Amino acid sequence: MRIWVNGELHDADDARLSVLDHGLTVGDGVFETVRVAGGRPFALTRHLDRLTRSARGLGLADPDHDEVRRAVAAVIEAGPMELGRLRITFTGGLSPLGSDRGDAGPSLVVALGEATRRPDSTAVVTVPWTRNERGAVTGLKTTSYAENVVALARAHERGASEALFPNTVGQLCEGTGSNVFVVLDGQIHTPPVTSGCLAGITRALAVEWTGALETDLPLDVLERADEIFLTSTLRDIQAVHRVDGRVLPGAPGPVTAKAMRVFDERAADDLDP
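Bear in mind the structure is a predicted one, so any value in this text is a computation, not a measurement. (Residues numbered from 1 in each chain as written. Predicted model: local features only at pLDDT ≥ 70, side-chain atom pairs only at ≥ 80, totals over all residues. Heavy atoms only, no water.)

**Here's the deal with the pairing of strand β9 (residues 172-175)**
Formally: Strand pairing follows a simple DSSP-based rule, namely that at least 2 bridges must link the two strands. The secondary structure listing takes helices from DSSP runs of H or I that are at least 4 residues long and strands from runs of E that are at least 2 residues long, numbered from the N terminus.
The sheet contact formed by strand β8 (residues 162-166) and β9 spans three bridges and is antiparallel. Each bridged residue has a counterpart across the sheet, and for P166 the counterpart in β9 is L172.

**So, the packing of aromatic side chains**
Condition: Stacked, tilted and edge-to-face pairs are distinguished by plane angle, under 30 degrees for stacked and over 60 for edge-to-face with tilted covering the rest, among Phe, Tyr and Trp rings (Trp via its six-membered ring) whose centres lie within 6.5 Å. Burial status follows relative accessibility: with a 1.4 Å probe on protein chains alone, a residue under 20% of its type maximum counts as buried, one over 50% as exposed, and anything between as partly exposed. Two limits define a charge over a ring: the Lys NZ or Arg CZ must be within 6 Å of the ring centre, and within 35 degrees of the ring normal.
Overall, the coordinates contain four aromatic pairs when judged by the stated rule. Seen in terms of ring centroids, W209 and F263 are 5.2 Å apart; in terms of plane orientation they differ by 55°. Their pairing is tilted. You can see W209 sitting in helix α5 (residues 201-210) and its partner F263 sitting in helix α6 (residues 254-269), a full 54 residues away along the chain. Like F263, W209 is buried. The cationic tip of R87 hangs over the ring face of F31; the distance from NZ or CZ to the ring centre is 3.8 Å.

**A word on the pattern of salt bridges**
Rules: Here a salt bridge means any side-chain nitrogen of Lys or Arg lying within 4 Å of a carboxyl oxygen belonging to Asp or Glu.
All chains considered together, the criterion is met by eleven salt bridges. The partner of R131 in a salt bridge is E174, with the nearest N and O atoms 2.7 Å apart. Taken together, the residues R131 in the loop between β7 (121-126) and α4 (146-157) and E174 in strand β9 connect sequence positions 43 residues apart. What makes E174 buried here is its relative accessible area of 8%. Residues E214 and R203 are paired through a salt bridge, measuring 2.4 Å at the closest nitrogen-oxygen approach. Of the two residues, E214 sits in strand β12 (residues 213-214) while R203 sits in helix α5, which places them eleven residues apart along the sequence. Through salt bridges that share partners, R131, E147 and E174 make up one connected network.

**Notes on the state of the cysteines**
Our working definition: A pair of cysteine sulfur atoms is labelled a disulfide when the two atoms are within 2.5 Å.
Per the stated rule, a full pass over the model turns up zero disulfides. You can see C173 has no disulfide; the closest cysteine sulfur is in C197, sitting 5.4 Å from it.

**Some words on the side chain of T231**
How we decide: Should any heavy atoms of two residues lie within 4.5 Å, those residues are considered in contact.
Among the structural elements, T231 can be located in strand β13 (residues 227-232). Its relative accessible area of 0% is what places T231 among the buried residues. Setting aside chain neighbours within four positions, we find T231 in contact with S178, N179, F181, T202, R203, A206, D236 and I237.

**Regarding the packing of helix α2 (residues 44-58) against helix α3 (residues 65-78)**
Cut-off, in case you're wondering: Axis geometry follows a simple rule: fit a line to the C-alpha atoms, using only the stretch in contact for helices, then measure angles between N-to-C directions, giving values from 0 to 180 degrees. Angles below 35 degrees are treated as roughly parallel, those above 145 as roughly antiparallel, those between 65 and 115 as roughly perpendicular, and all remaining angles as oblique. Handedness of each helix crossing follows the sense of rotation of the near helix against the far helix: counterclockwise by less than a right angle gives left-handed, clockwise gives right-handed.
At their nearest, the axes of α2 and α3 sit 11 Å apart, and the two run at 130° to each other. Considering their axes alone, α2 and α3 lie oblique with respect to each other. Both α2 and α3 take part in a crossing whose hand is right-handed. Residues L44, T45, L48, D49 and T52 of α2 lie in contact with α3, whose contacting residues are H65, V68, R69 and V72.

**Focus: the packing of α5 against α6**
Here is the rule we go by: We call Asp, Glu, Lys and Arg charged. Ala, Val, Leu, Ile, Met, Phe, Trp, Tyr, Cys and Pro are nonpolar, and the rest, Gly among them, are polar.
Viewed as axis vectors pointing N to C, α5 and α6 meet at an angle of 105°, and their least axial separation amounts to 10 Å. As the angle between them shows, α5 and α6 are arranged roughly perpendicular. Residue-level inspection shows T202, L205, A206, W209 and T210 of α5 in contact with α6, the latter providing A259, V262, F263, R266 and A267. The residue makeup of the contact of α5 with α6, split by class, is seven nonpolar, two polar and one charged.

So this is what it looks like as structure tokens:
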């Protein structure tokens, strides 16, 4: 593996950031995960636009898109693979201990690792912790991921691949690294970004390509939805066959299966939609 760190490619064992980088000490950073298939990144422009929105939300300088694209191309060329997870990380850079940011400028790291195609369906659990739909970093893809680590560990303990959060008013919000959709009477619905969920890239494409509605949904919609599916960069669209103790037989159901086909076809037609 070759990793881009602040303007240069390095072998994985030699890729270094200071232990005083603000992304490490206080989680002052933003990131994007991009699917790479056959040596080509998918929806890179959308990911870079969201990286900038997240950086601005933290008060970081705008990332240089040309530099990030050079880094992405260099990393992909250095480590070709059929299916990969490309991670772009942009942090507050070298800073004093504590929350104050230093003046050394941001750090940029781009790395690529192998990925495997997800199964067509998966199990999820709900967790007792909430997303804060009115927080300072709500809707930003930051490196402060400890809540997700804890929730995902809970899911794995229960034989699931994802954990779903409500928000503070009891509405369905999102997963640790995915957006959630439900099918009610043949219509696809997903929580709006005002619920506190991340404005996922795959989520936006799924809404556009399937006609899904953005709807405030109570958490207990998971107990009565006809079908449930997740979206994310590496899942694309993935059906849910179990949520907590409820089994959804035959997943993916007909609406989800059609959405999966549409997404695969549209994504194959345009790698940077």
